[in-house]
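# Residue-level structure breakdown
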Amino acid sequence: MTPLLEIRDLHAEIAGGRKIINGMNLTINPGEVHAIMGPNGAGKSTLSYVLSGKPGYEITGGEVIFRGVNLQELSPDERAAQGLFLCFQYPLEIPGVSNMAFLHTAANSQRKKRGEPELTSPELVRKVRELGKQLGIDTDMLKRPVNVGFSGGEKKRNETLQMMLLEPYLSILDEADSGLDIDALKVVSNGVNAMRSPERSMLVITHYQRLLDYIVPDVVHVFAAGRIVHTGGKELALELEATGYAQYQNEAA
Amino acid sequence: MAAVQETVEQVRSIDVDQYKYGFETQIESEKAPKGLSEEVIRFISAKKEEPEWMLDLRLDAYRRWLSMSEPTWARVDFPQIDFQDLYYYSAPKKFKAPKSLDEVDPEILKTYEKLGIPLREQEILAGVEVPEGERPRIAVDAVFDSVSVATTFKEELKAAGVIFMPISEALREHPDLVKKYLGSVVPVTDNFYATLNSAVFSDGSFVYIPPGVRCPMELSTYFRINEKNTGQFERTLIIADKGSYVSYLEGCTAPQRDENQLHAAVVELVVLDDAEIKYSTVQNWYPGDSEGKGGIYNFVTKRGDCRGKNSKISWTQVETGSAITWKYPSCVLRGEGSSGEFYSIAISNGRQQVDSGTKMIHLGKNTTSRIISKGISAGRSNNTYRGLVSAHRKAEGARNFTNCDSLLIGNACGAHTVPYIEAKNPKAQFEHEATTSKISEDMLFYCMQRGLSQEDAVALVVNGFVRDVLQQLPMEFAVEAQKLISISLEGSVG
Ligand SMILES: Nc1ncnc2c1ncn2[C@@H]1O[C@H](COP(=O)(O)OP(=O)(O)OP(=O)(O)O)[C@@H](O)[C@H]1O
Ligand SMILES: [Mg+2]
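Bear in mind that the values here come from a model prediction, so they are computed numbers and not experimental data.

### Examining the overall build of chain A
The number of helices and strands found in chain A is 10 helices and 12 strands. Compactness check: chain A gives a C-alpha radius of gyration of 18 Å against a globular reference of 18 Å for 253 residues, within 12% of the reference. Viewed in the frame of its principal axes, chain A has a C-alpha envelope of about 55 × 40 × 40 Å. Scored against the burial criterion, the 253 residues of chain A give a buried share of 55%. Once local pairs closer than 6 in sequence are excluded, the contacts in chain A between residues at least 24 apart make up 70%. Here chain A displays about 10600 Å² of accessible surface, and carbon together with sulfur accounts for 48% of that area.

Below you can see the structure in the form of structure tokens.
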């Protein structure tokens with residue numbers, strides 16, 4: 001099977017020279033759900049930015065192949081059109097731009113880049129309303145400016161809505177559970193699970209085992225000091241909850 | 001390179017190529033001798049076959065102007081203008097007031113066609129996308145250099161009692177109306193440029209809406225400066241009599257030239273009891289190239305007088321052009337219960353300098369005003385909002401709400417807010433809000449991660465920023481303005 005994502009000996013730093021990713025390797029096959037756990041400041045969010053091409057994050061060694069393409073050659077919007085989605089730890093607010101208009105622009109920008117027919121307004125509205133219903137997002141929230149004044153939980157639901165509309169091949173979820181109450185956690189997880197399929201994969205970054213009760217991973221990695229230091233099955237998450245990261249931090253050092 | 005940095009680079013590279021209206025029309029013109037003198041003023045007045053009192057008014061203005069000096073308080077910087085090195089009158093040579101469009105020089109018609117301004121009424125009526133009758137109709141007065149070359153829908157407007165014609169024509173056909181109101185809002189001595197305008201203005205539009213009439217269509221004037229070294233000094237006078245309503249649009253363009261050109265217009269609005277004027281501008285004069293060479297100096301005095309009870313004036317402006325903009329559309333809220341609004345989007349890029357804002361002068365009881373200003377600065381431009389809100393001693397119950405937001409793109413531009421507030425009545429309520437923000441890298445990245453190109457991301461964020469104001473524009477103008485905004489901020493796609 002060709003992997004969906006292949007990270008080989010990746011080194012990356014933040015503009016200004018701070019090295020954050022240190023020789024990381026990871027292979028994700030189509031259909032797999034991988035969880036990444038690790039101490040604060042280990043570089044998990046940085047990894048998600050490097051993969052999605054955020055300006056200011058530079059790859060200094062190694063390579064990342066996504067669906068057969070070297071990601072370094074693609075701009076962030078081209079990566080998005082290739083099917084890479086980042087569910088932000090802190091979603092941004094865009095004043096004056098309605099949520100619906102944003103979804104429309106995003107979906108059609110991607111379709112255009114892929115040479116697919118664009119969605120008409122009625123098609124899009126129907127689709128978005130349907131997804132909104134599943135996620136407990138009402139029409140009022142769809143009319144409001146993107147994320148402006150949304151509660152933490154609402155922002156995460158909104159991220160999930162975008163993901164479900166855009167149907168990416170790889171979704172990177174950066175602490176999708178933070179700020180969610182129990183009910184919202186279930187709603188968001190159900191949304192994510194509904195997207196699981198033999199072609200689609202997920203990279204789930206989290207601090208808590210609880211999320212993994214809902215989104216059950218195939219593989220769990222421990223990430224410390226800029227690389228993966230240990231890999232196991234879903235039971236590893238439980239283990240970590242009991243022991244913490246101390247032993248792995250030594251390993252990384 | 002960081003996304004914002006790239007945007008900044010692209011924005012910086014904007015130059016003449018981006019200005020779609022920079023072409024020149026080859027046409028012979030008749031000019032007054034270069035420079036300014038009583039002789040030149042007499043020449044202009046004679047050309048227009050004006051009544052004696054108008055010539056006297058001009059000469060009076062000219063003599064006063066000689067003793068005045070240019071205002072220096074605005075945050076703009078430019079070399080001294082040599083007022084003797086300009087032409088003050090230029091008209092297409094074959095020009096005699098045309099009776100119908102067929103008499104208009106085809107070169108000029110082509111010019112307006114190229115600018116996308118419909119002068120042929122039947123073409124408007126036979127609009128392709130929209131079925132006949134549903135497409136809103138707009139009457140146009142087209143001003144080419146110093147003269148009005150065509151005014152459309154005259155007959156239909158006449159039937160409604162509306163007078164819409166070049167001011168030069170109004171001076172001959174309705175001298176009493178013009179005499180009664182001209183200079184009654186912006187007095188001859190108001191300021192350096194207004195006084196100059198009073199002395200030399202050549203054309204512009206005149207509008208009179210009789211009592212109780214709702215003008216049956218939008219009225220608009222398109223100004224075009226074509227000639228070299230020619231100042232454009234147009235004069236607009238709009239009177240809304242009791243209980244009437246009119247929506248008026250103004251647009252403007254000019255060819256690209258290396259030297260600067262002066263545009264010093266005066267607009268006066270008079271609104272009587274229960275009447276309303278909605279005045280919208282999309283200003284797109286040539287802004288100069290990316291190094292600041294060329295471009296229009298836009299020194300404009302616009303003022304409306306809410307003379308009657310419960311009268312209303314609403315100014316909406318989208319300012320994207322000109323090398324320098326010096327412009328403060330204002331409202332004198334004289335009538336009890338009158339209200340003034342100012343909605344503004346001012347975009348500066350390259351080396352453009354904008355110093356713009358408004359004055360809301362509350363004189364009457366229970367007068368209200370609202371100011372929404374959105375400034376966007378990019379490139380190495382400077383963008384200043386300057387606004388005065390004042391309440392006279394007798395302006396009991398005066399209320400104002402002001403909101404000024406500035407958006408910066410890149411690090412080399414400047415945004416400034418200079419609000420003046422004077423409340424001589426203790427019961428006046430003035431509220432002021434101001435914010436300055438930068439298009440953040442994070443916001444652009446968020447949009448791009450969802451699939452938007454960098455340019456689309458900038459356009460989306462900017463459109464969100466100016467939304468409140470765009471909503472105030474008449475539909476077609478809003479679409480035009482939106483396009484203009486993205487062109488103004490567009491870089492070559494990298
Ligand atoms: N723009 C920046 N400039 C300097 N240092 C940065 C920048 N962004 C991140 N860092 C540093 O990089 C390191 C990795 O940060 P990152 O956000 O990737 O950690 P994380 O694993 O996601 O942590 P958490 O679990 O707390 O979310 C941290 O030490 C952080 O302070
Ligand atoms: Mg993080």
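Text resumes after the structure shown.
### Structural notes on the site of ligand 1
All names here are of chain A. The local shell around ligand 1 holds 15 residues, among which Gly41, Lys44, Ser45, Thr46 and His207 are the closest. Asparagine 40 is positioned such that a nitrogen or oxygen atom in its side chain is 2.9 Å from an oxygen atom of ligand 1. Between an oxygen atom of ligand 1 and a main-chain N or O atom of glycine 43, the distance comes to 2.9 Å. If ligand 1 stood free it would expose 630 Å²; the protein chains cover 63% of that surface. Those elements giving two or more residues to the shell around ligand 1 turn out to be β2 (18-28) and α1 (44-52). The leading source of residues in the shell around ligand 1 is α1, at three residues.

### Some words on the pattern of salt bridges
Residues and elements named next belong to chain A. The tally for this structure, following the rule as stated, stands at 24 salt bridges over all chains. The salt bridge partner of aspartate 218 is arginine 196, with a shortest N-O separation of 3.7 Å. In this pair, aspartate 218 sits in the loop between α8 (209-214) and β11 (219-224) while arginine 196 sits in the loop between α7 (182-195) and β10 (201-205), placing the two residues 22 residues apart along the sequence. The class for aspartate 218 is partly exposed, based on a relative accessible area of 41%. Three or more residues are tied together by salt bridges with common partners; here these are Glu6, Arg8 and Glu63.

### Overview of the interface of chain A and chain B
Taken residue by residue, the interface counts 31 residues in chain A and 19 residues in chain B. Both sides together, the interface formed by chain A and chain B hides about 2000 Å², and carbon and sulfur atoms give 68% of it. For the pair chain A and chain B, the interface holds two salt bridges. Aspartate 442 of chain B is the salt-bridge partner of lysine 54 of chain A, the closest N and O atoms lying 3.0 Å from each other. For the interface between chain A and chain B, the tally reads 12 residue pairs in polar contact (both at pLDDT 80 or more). Counting residues per element, the side of chain A that touches chain B draws most heavily on helix α3 (residues 99-113) of chain A, which supplies six residues. Taken together, the residues that form the side of chain A that touches chain B break down as 18 nonpolar, eight polar and five charged.

### Topic: the sheet that holds strand β3 (residues 33-37) of chain A
All names here are of chain A. Strand order across the open sheet formed by six strands is β6-β9-β10-β3-β11-β12, with mixed pairing between neighbours. The open sheet has two edge strands with one neighbour each: β6 (84-87) and β12 (227-232). The mean angle between the axes of side-by-side strands here comes to 20°, regardless of whether they run parallel or antiparallel. Pairing analysis gives five bridges linking strand β9 (residues 170-174) to β10, with the strands arranged parallel. Residue leucine 170 lies in a different strand from β10, and its bridge partner there is serine 201. Across the face of the sheet, helix α6 (residues 152-166) comes into contact with β6 and β9 while running at roughly 170° to β6. Sitting on the sheet, helix α9 (residues 235-243) touches β3, β11 and β12, and the angle it makes with β11 is about 40°.

### Some points on the nonpolar core
Within the largest apolar cluster, 112 residues are counted, with the highest numbers of intra-cluster contacts made by Ile7, Leu10, Met24, Leu47, Ile94 and Phe102 of chain A. Considering every element that reaches this core, the biggest residue donor is helix α11 (residues 454-470) of chain B, with nine residues. Isoleucine 94 of chain A has contacts with Phe102, Pro145, Val146 and Val148 of chain A together with Met443, Tyr446, Cys447, Leu460 and Val461 of chain B, leaving out every residue within four places of it along the chain. Residues Leu55, Tyr88, Val200 and Trp326 of chain B belong to the second largest nonpolar core, which totals 51 residues.

### Here we look at the coordination of the magnesium ion (ligand 2)
All names here are of chain A. Ser45 (OG) and Gln89 (OE1) make up the full set of protein donors to the magnesium ion (ligand 2), lying at 2.0 to 2.6 Å. You can see serine 45 sitting in helix α1 and its partner glutamine 89 sitting in the loop between β6 and β7 (94-98), a full 44 residues away along the chain. Accessibility expressed as a relative area gives 21% for serine 45, which makes it partly exposed. Residue glutamine 89 is classed as buried on the basis of its relative accessible area, which comes to 14%.

### Here we look at the confidence of the model for chain B
Residues and elements named next belong to chain B. The share of residues in chain B with pLDDT of 70 or more is 79%, and the mean pLDDT across the chain is 81. Here residues 1-17 scores under 50 on pLDDT; set against residues more than four positions off or in separate chains, the count is 44 contacts. The low-confidence segment residues 121-135, where pLDDT is below 50, has 12 contacts with residues more than four positions distant or belonging to other chains. Overall fold confidence (pTM) sits at 0.79, and the ipTM for the predicted complex is 0.95.

### Observations regarding the side chain of glutamine 449 of chain B
Assignment of secondary structure puts glutamine 449 of chain B in helix α10 (residues 441-449). You can call glutamine 449 of chain B buried: its relative accessible area is 0%.

### Digging into the confidence of the model for chain A
For chain A, per-residue confidence averages 92 on the pLDDT scale, and residues scoring 70 or more make up 98% of the total. Model confidence for chain A, summarised as mean pLDDT per element, is weakest for helix α10 (residues 246-252) of chain A at 69 and strongest for helix α2 (residues 76-82) of chain A at 97.

### Observations concerning the pairing of strand β18 (residues 353-362) of chain B
All names here are of chain B. The buried fraction of β18 amounts to eight of the 10 residues, a majority that puts the element mostly inside the structure. Note that strand β16 (residues 330-333) and β18 share three bridges and pair parallel. Within the sheet, the bridge partner assigned to cysteine 331 lies in β18 and is methionine 360.

### What to know about the UniProt feature "domain: SUF system FeS cluster assembly SufBD N-terminal" (unreviewed entry) in chain B
Under the UniProt annotation, "domain: SUF system FeS cluster assembly SufBD N-terminal" (unreviewed entry) lies at residues 158-214 of chain B. Note that residues 158-214 of chain B is 44% helix and 16% strand, and that its end C-alpha atoms are spaced 13 Å apart.

Reading the values: the criteria
Residues numbered from 1 in each chain as written. Chains lettered and ligands numbered in written order. Predicted model: local features only at pLDDT ≥ 70, side-chain atom pairs only at ≥ 80, totals over all residues. Heavy atoms only, no water. Helix = DSSP H or I, 4+ residues; strand = E, 2+ residues; numbered from the N terminus. Rg over C-alpha atoms; globule rule 2.2 N^0.38 Å. Buried < 20%, exposed > 50% of the residue type's maximum accessible area, 1.4 Å probe, protein only. Contact = heavy atoms within 4.5 Å. Areas by Shrake-Rupley, 256 points an atom, 1.4 Å probe, with all protein chains shown as cover. Near = heavy atom within 4 Å. Polar contact = N/O pair within 3.5 Å; in protein donor to acceptor, adjacent residues only side chain to side chain. Salt bridge = Lys/Arg side-chain N within 4 Å of Asp/Glu carboxyl O. Buried area = accessible area lost by both parts, 1.4 Å probe. Nonpolar A, V, L, I, M, F, W, Y, C, P; charged D, E, K, R; others polar. Pairing = 2+ DSSP bridges. Axes fitted to C-alpha atoms, helices over the stretch in contact; angles between N-to-C directions. Core = buried A, V, L, I, M, F, W, Y, C linked by side-chain atoms within 4.5 Å. Donors = N, O, S within 2.8 Å, 3.2 Å for Na, K, Ca; no water. pLDDT = per-residue confidence, 0-100. UniProt positions renumbered as here; feature names shortened; annotations may be inferred.

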